[in-house]
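Remarks on the overall topology
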Amino acid sequence: MMPQETDNTDASTRRQQPQTASRSIFDVPAPIKQLFDKFPLVTYSINDLPQSAPCERDTPILHVFTTNEGASRGTPSYNPACLKWQAYLKFSNIEFQIAASSNHASPSGALPFLLPTQPDTLRPVQPVPSGKLQRWTMNNSEMAIEESGDLRYDAYLSLLDHRIRRAWLYSIYLSNNFTSIAEPLYILPTSSNPFVRLTIARELRLAAENELLKFSATVSAETLHNQAEEAFTALDLLLGDDEWFFGAETPGLFDASLFAYTHLLLDDRLGKGWLDSRLRDMLMSRQHLVAHRNKILEKYFPVSS
């Protein structure tokens with residue numbers, strides 16, 4: 001019978017053989033370890049938060065169409081929709097700053113919008129679009145302004161929101177004033193590329209034309225200016241010798257809405273660009289409206305006076 005095979009290696013010999021250490025799946029392979037020994041990892045300091053990240057802020061910021069210089073000085077915006085709310089916040093004694101912005105930066109796609117105070121970076125606040133600015137202002141002002149209950153209020157407000165606004169759109173975007181006013185304010189600052197500028201110019205003019213065509217089958221400059229002149233005449237008679245509209249003790253949203261147009265039409269810095277001055281000229285003959293604009297400018301925008 002064949003003897004059974006056995007392991008002839010004794011215990012002492014087995015103990016002298018090298019033992020293979022157990023390896024972990026997390027162990028770094030030798031070639032890579034040698035590489036990092038020559039180029040050790042470096043721990044960098046934490047990056048600063050991006051500008052768009054929430055930061056502590058104790059003053060609301062109203063984002064409007066303006067220049068960087070205008071933002072630092074708090075001068076009136078060159079856009080009526082923005083200037084309306086800029087004035088209204090001042091009437092309501094709200095402390096705020098303005099920032100130069102564009103529609104692309106707005107959550108709603110349109111200016112203005114307001115960023116409220118930011119006391120805690122861990123709980124970012126929501127921006128306030130223009131459609132909610134009046135309610136936000138009344139909730140955050142110690143001297144909230146209640147609008148007039150006069151039955152004529154809506155009728156006269158429609159003169160601003162329709163007749164004067166439509167004449168403004170035509171004058172800025174569809175008349176000769178486009179190259180002297182709209183182009184330097186809204187187009188040239190956006191890009192140095194001539195093709196981009198051309199595209200933006202076309203879009204602005206088309207948007208203004210489409211807006212006007214909502215109210216008429218054709219765009220008639222004569223009709224628009226006649227309607228605006230009638231509106232200015234009615235508003236001048238309504239104000240009369242009163243300080244503010246509808247006999248109010250302090251200016252309100254209606255006053256801000258009118259100031260947004262009258263100031264820009266009478267602003268000497270913008271006035272140099274009026275190649276077509278028909279809208280500006282018809283306002284200059286309305287003494288009560290001119291005095292109303294000057295009063296607001298001197299009292300609430302003294303830097304611009």
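Thresholds applied
- Residues numbered from 1 in each chain as written.
- Predicted model: local features only at pLDDT ≥ 70, side-chain atom pairs only at ≥ 80, totals over all residues.
- Heavy atoms only, no water.
- Core = buried A, V, L, I, M, F, W, Y, C linked by side-chain atoms within 4.5 Å.
- Buried < 20%, exposed > 50% of the residue type's maximum accessible area, 1.4 Å probe, protein only.
- Helix = DSSP H or I, 4+ residues; strand = E, 2+ residues; numbered from the N terminus.
- Domains from an automatic or database assignment.
- Contact = heavy atoms within 4.5 Å.
- Expected span 1.5 Å × (residues − 1).
- Arc of directions from axis to C-beta.
- Phe/Tyr/Trp six-rings, centres within 6.5 Å; stacked < 30°, edge-to-face > 60°.
- Lys NZ or Arg CZ within 6 Å of the ring centre and 35° of its normal.
- Pairing = 2+ DSSP bridges.
- Salt bridge = Lys/Arg side-chain N within 4 Å of Asp/Glu carboxyl O.

**Focus on the nonpolar core**
Counting residues in each nonpolar core, the largest one holds 75 residues, and the members touching the most others are Leu235, Phe245 and Phe254. The leading source of residues in this core is helix α6 (residues 153–174), at 13 residues. Of the domains in this structure, domain 1 (61–119 + 126–139) and domain 2 (154–301) are the two that each give at least three residues to this core. Excluding residues that lie within four positions of it along the chain, phenylalanine 245 makes contacts with Leu235, Leu238, Leu239, Phe254, Asp255, Leu258, Leu289 and His292.

**Examining unusual backbone geometry**
In this chain, leucine 111 is followed by proline 112 through a cis amide linkage whose omega measures 5°. With respect to the helices and strands, the residue proline 112 is situated in the loop between β2 (97–100) and β3 (113–115). In the Ramachandran plot, phenylalanine 246 falls in the positive-phi region, its phi being about 60° despite a non-glycine side chain. Relative to the helices and strands, phenylalanine 246 resides in the loop between α9 (221–239) and α10 (253–266).

**Description of helix α13 (residues 287–300)**
Given a rise of 1.5 Å per residue, 14 residues ought to cover 20 Å, and the 20 Å separating the end C-alpha atoms of α13 matches this to within 8%. Those residues of α13 not exposed but buried are Leu289, His292, Arg293, Ile296, Leu297 and Tyr300. The buried residues of α13 occupy an angular sector of 130° when the element is viewed end-on, so they sit on one face. Opposite the buried face of α13, by more than 90 degrees, sit the exposed residues Gln287, Glu298 and Lys299.

**What about the packing of aromatic side chains?**
According to the stated counting rule, one finds 14 aromatic pairs in the structure shown. When the ring of tyrosine 153 is compared with that of phenylalanine 246, the centres are 5.4 Å apart and the planes differ by 35°; the resulting orientation is tilted. One end of the pair, tyrosine 153, is in helix α6; the other, phenylalanine 246, is in the loop between α9 and α10, and 93 residues separate them in sequence. The exposure classification of tyrosine 153 matches that of phenylalanine 246, with both residues buried. Following the ring pairs from residue to residue traces out a cluster consisting of Phe65, Tyr78, Tyr173 and Tyr186. A cation sits over an aromatic face here: arginine 166 above phenylalanine 215, 4.4 Å from the ring centre. In this arrangement the basic side chain of arginine 205 is found over the ring face of phenylalanine 178, its NZ or CZ atom lying 4.8 Å from the centre.

**Overview of the sheet that holds strand β4 (residues 128–129)**
On the basis of which strands lie adjacent, the open sheet formed by four strands has the order β2-β1-β3-β4 and mixed pairing. Strands at the two margins of the open sheet, each flanked by one partner only, are β2 and β4. Relative to β2, strand β1 (residues 61–64) runs parallel, the two being bridged by four bridges. For isoleucine 61, the partnering residue across the bridge sits in β2 and is glutamine 97.

**Describing the environment of leucine 188**
Position of leucine 188 among the secondary structure elements: in the loop between α7 (177–187) and α8 (194–213). Assessed through its relative accessible area of 34%, leucine 188 is described here as partly exposed. Separated by 13 residues in sequence, leucine 188 and alanine 201 place their C-alpha atoms 9.6 Å apart. Non-local contacts of leucine 188, meaning those with residues more than four positions away in its chain, are made with Glu183 and Arg197.

**Topic: the pattern of salt bridges**
For the coordinates displayed, the defined rule picks out eight salt bridges. Arginine 152 serves as the salt-bridge partner of aspartate 150, at 2.9 Å between the closest nitrogen and oxygen. A salt bridge links arginine 163 to glutamate 230, with the shortest nitrogen-to-oxygen separation between them at 2.6 Å. With a gap of 67 residues between them, arginine 163 in helix α6 and glutamate 230 in helix α9 connect regions that are remote in the sequence. We classify arginine 163 as partly exposed; its relative accessible area is 27%. In this structure, a network of salt bridges that share partners links the residues Arg165, Glu211 and Lys214.

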